[in-house]
Amino acid sequence: MSTAAISETSVPRLPRGVRLKHDDARNEWLLLAPERILKADPIAAEILKRCTGEATLAAIVDDLAASFGADRARIDTDVRNLLAGLADKRMVEL
Amino acid sequence: MNAPVHVPVHVPRPVGLLAELTHRCPLGCPYCSNPLEMDARTSELDTQTWLRIFSEAAELGIIHIHLSGGEPASRRDLVEIVAHCAKVGLYTNLITSGIGLSEERVAELSRAGLDHVQLSIQDSEAESGDRIAGYEGAFARKREVARSVTAAGFPLTVNAVIHRANVSRAGAMVKLAIELGAKRVEVAHTQYYGWAKTNRAALLPPRAEAERAVAEVEALRAQYKGVIVIDHVIPDYHAHFPKACMGGWARRTLNVTPAGRVLPCHAAETIPGLEFWNVREHALADIWYTSPAFQAFRGTEWMLEPCRSCPRKEVDFGGCRCQAMALTGDARNADPVCHLSPYHDRVEAIVSEDTAAEAAPDYVYRRLQRTPAPVA
Ligand code: SF4
């Protein structure tokens, strides 16, 4: 999926069977699916924590921009890149 | 057993644990990878011991738990086990034949926090499927189980093992998986361990048929992109290089047998001279880091030529130790599937011998010996 194809109002969520987990043993965030483990860097983890099926893409970007005092356009790009890649792997639903 | 374990820095933490909760199973599939000598119900670990293992597994850094068997639904404490795994943060995958999973039980497993279900199918046609499973009505039952699993909201993977009796319907099985509502299908050509080895002459498909099946499934991968994810395990005996068996010996995963022996892979007991430790006597971390069987082929130091000086030695770790043992008599040899192995011709010889016969021999169905009065 292209990053532009994700609408501002889409509500990203992790499908059943996909879980974000903090791995205490290795001290890192992981995104888990059957037979699959992806490392989530701190930025990805902050994005995925907000993909609860409640917030829209726009709201998630606003929240991140406010929480980290970062440039909104830049965060928008990061979020879209991450979600488009994960949607292709069927690890995020939009 | 509670002494602190010295954690060697160079040994990675395991990521997966295959829990063979029981060897009991209503089906009798001749391709089963369980050993011929199976654990009786009376020797199975009790509930409390399993719960302890899963707590230790979580602490050790294990991420995925695969609840398997035999048929894991044959354990009456399955729901309790799943609930405990969920509580300690493990990702749980149920590997099942579907027999013994009523709709209520599926709902209970869902409430207990099970993450994923993997259901086996034997063929795309009922009659042949039931014959392979050695169980009348299995095919119809599996359809119902798939329905209740997807209705409960579980992501479903369908698993199909390919051999002589169904090799011409590999593509049809992918289509059946879609019809059953699976998001993922595993098409795996038979690996010849345990019962599958006993039945090798009945199971091994002629090379041309196996190749046709591989091509058919690969074509479907493109066609069904976005509909279903296809994981394809191509036939070992037809490959050029071996697979990195288990991702390397004692590098990623471990297996616990119904009676509590801990193995680096499910067939490891076919290698003579290895010392396996039991969870009844040792902590899981201790077994992972220091038990002799796990140390035996860890890393690359144990390798002989041609692996020892091969640039692929950290890629495939010399393939499968059990296959090297079975076909060359020494587990340290390169997996003879590798074309660089001096024993590679033995693989070729088996393929032509076992597939030469016009009619395949009858199956030896997997059966657990009857045991005296069950406990618990
Ligand atoms: S020689 Fe050994 S390490 Fe090299 S490709 Fe063959 S099996 Fe793998």
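Criteria and thresholds
- Residues numbered from 1 in each chain as written.
- Chains lettered and ligands numbered in written order.
- Predicted model: local features only at pLDDT ≥ 70, side-chain atom pairs only at ≥ 80, totals over all residues.
- Heavy atoms only, no water.
- Near = heavy atom within 4 Å.
- Nonpolar A, V, L, I, M, F, W, Y, C, P; charged D, E, K, R; others polar.
- Helix = DSSP H or I, 4+ residues; strand = E, 2+ residues; numbered from the N terminus.
- Buried < 20%, exposed > 50% of the residue type's maximum accessible area, 1.4 Å probe, protein only.
- Arc of directions from axis to C-beta.
- Contact = heavy atoms within 4.5 Å.
- Core = buried A, V, L, I, M, F, W, Y, C linked by side-chain atoms within 4.5 Å.
- Phe/Tyr/Trp six-rings, centres within 6.5 Å; stacked < 30°, edge-to-face > 60°.
- pLDDT = per-residue confidence, 0-100.
- Salt bridge = Lys/Arg side-chain N within 4 Å of Asp/Glu carboxyl O.

(A) Highlighting the site of the ligand. Neighbouring residues of the ligand: Phe241, Pro242, Pro306, Cys307, Cys310, Arg312, Lys313, Asp316, Gly318, Ala334, Cys338 and Leu340 of chain B. In the shell around the ligand, the residues fall into eight nonpolar, one polar and three charged.

(B) Fine view of unusual backbone geometry. Residues and elements named next belong to chain B. In this structure, the amide linkage connecting Gly69 to the following residue, Gly70, adopts the cis form with an omega of 10 degrees. Assignment of secondary structure puts Gly70 in the loop between strand E2 (64–68) and helix H2 (78–87). Look at the link from Glu305 to Pro306: it is a cis peptide, with omega at 5 degrees. As for its position among the elements, Pro306 is in the loop between helix H11 (292–296) and helix H12 (313–316). We note that Met246 has phi near 60 degrees; this positive angle belongs to a residue other than glycine. Within the secondary structure layout, Met246 lies in the loop between strand E7 (229–233) and strand E8 (253–256). The class for Met246 is partly exposed, based on a relative accessible area of 28%.

(C) View of helix H1 (residues 42–49) of chain A. Residue and element names in this part refer to chain A. For H1, the set of buried residues is Ala44, Ala45, Ile47 and Leu48. Each buried residue of H1 sits inside an arc of 165 degrees when the element is viewed along its axis, so together they form one side. Exposed and facing more than 90 degrees away from the buried side of H1 are Pro42 and Ile43. Where H1 is buried, its residues touch strand E1 (19–23), strand E2 (28–33), strand E3 (36–40), helix H2 (57–68) and helix H3 (72–88).

(D) Structural view of the nonpolar core. Counting residues in each nonpolar core, the largest one holds 85 residues, and the members touching the most others are Leu17, Phe54, Leu67 and Leu284 of chain B. Dropping the residues within four chain positions of it, Leu67 of chain B is found in contact with Ala19, Leu21, Phe54, Pro72, Leu78, Ile81, Val82, Asn93, Leu94 and Ile95 of chain B. Counting residues in hydrophobic clusters, the runner-up holds 23 residues, among them Ile47, Cys51, Val61 and Met91 of chain A.

(E) View of the environment of His163 of chain B. Residues and elements named next belong to chain B. Note that His163 resides in the loop between strand E5 (156–162) and helix H6 (170–179). For His163, a relative accessible area of 0% puts it in the buried group. The residues contacting His163, other than those within four sequence positions of it, are Tyr31, Ile132, Thr190, Leu203, Pro205 and Tyr363.

(F) Representation of the packing of aromatic side chains in the model. Residues and elements named next belong to chain B. The full count for this structure, using the stated rule, is five aromatic pairs over all chains. Aromatic side chains Trp50 and Phe54 sit 5.7 Å apart centroid to centroid with 20 degrees between the ring planes, which places their arrangement in the stacked category. Of this pair, Trp50 and Phe54 both sit in helix H1 (residues 47–60), four residues apart, roughly one helical turn. Consider the rings of Trp249 and Phe297, whose centres lie 5.0 Å apart with planes at 85 degrees: the pair is edge-to-face. Of the two residues, Trp249 sits in the loop between E7 and E8 while Phe297 sits in the loop between H11 and H12, which places them 48 residues apart along the sequence. Each member of the pair Trp249 and Phe297 is classed as buried. Here the aromatic cluster, defined as three or more aromatic residues joined through ring pairs, consists of Trp249, Phe297 and Trp302.

(G) Fine view of the confidence of the model for chain B. All names here are of chain B. Residues with a pLDDT of 70 or more make up 93% of chain B, whose mean pLDDT is 89. Element-level mean pLDDT values for chain B span from 74 in helix H14 (residues 344–356) up to 98 in H2. Note that residues 370–376 has pLDDT below 50 and, in this model, eight contacts with residues that lie over four places away or in other chains. For this predicted complex, the interface confidence score (ipTM) comes to 0.88, while the overall pTM stands at 0.90.

(H) Local environment of the pattern of salt bridges. Tallied over the full model, the rule gives 25 salt bridges over all chains. Of the charged contacts, one joins Arg52 of chain B and Glu56 of chain B as a salt bridge, the two residues approaching to 3.0 Å between their closest N and O atoms. With Arg52 of chain B and Glu56 of chain B both in helix H1 and four residues apart, the pair spans about one turn of that helix. With a shortest N-O distance of 2.5 Å, Arg261 of chain B and Glu269 of chain B are connected by a salt bridge. For Arg261 of chain B, a relative accessible area of 23% gives the class partly exposed. Relative accessible area serves as the criterion here: at 32%, Glu269 of chain B is assigned to the partly exposed category. What emerges from the salt-bridge pattern is a single network uniting Glu46, Lys49, Arg50 and Asp63 of chain A.

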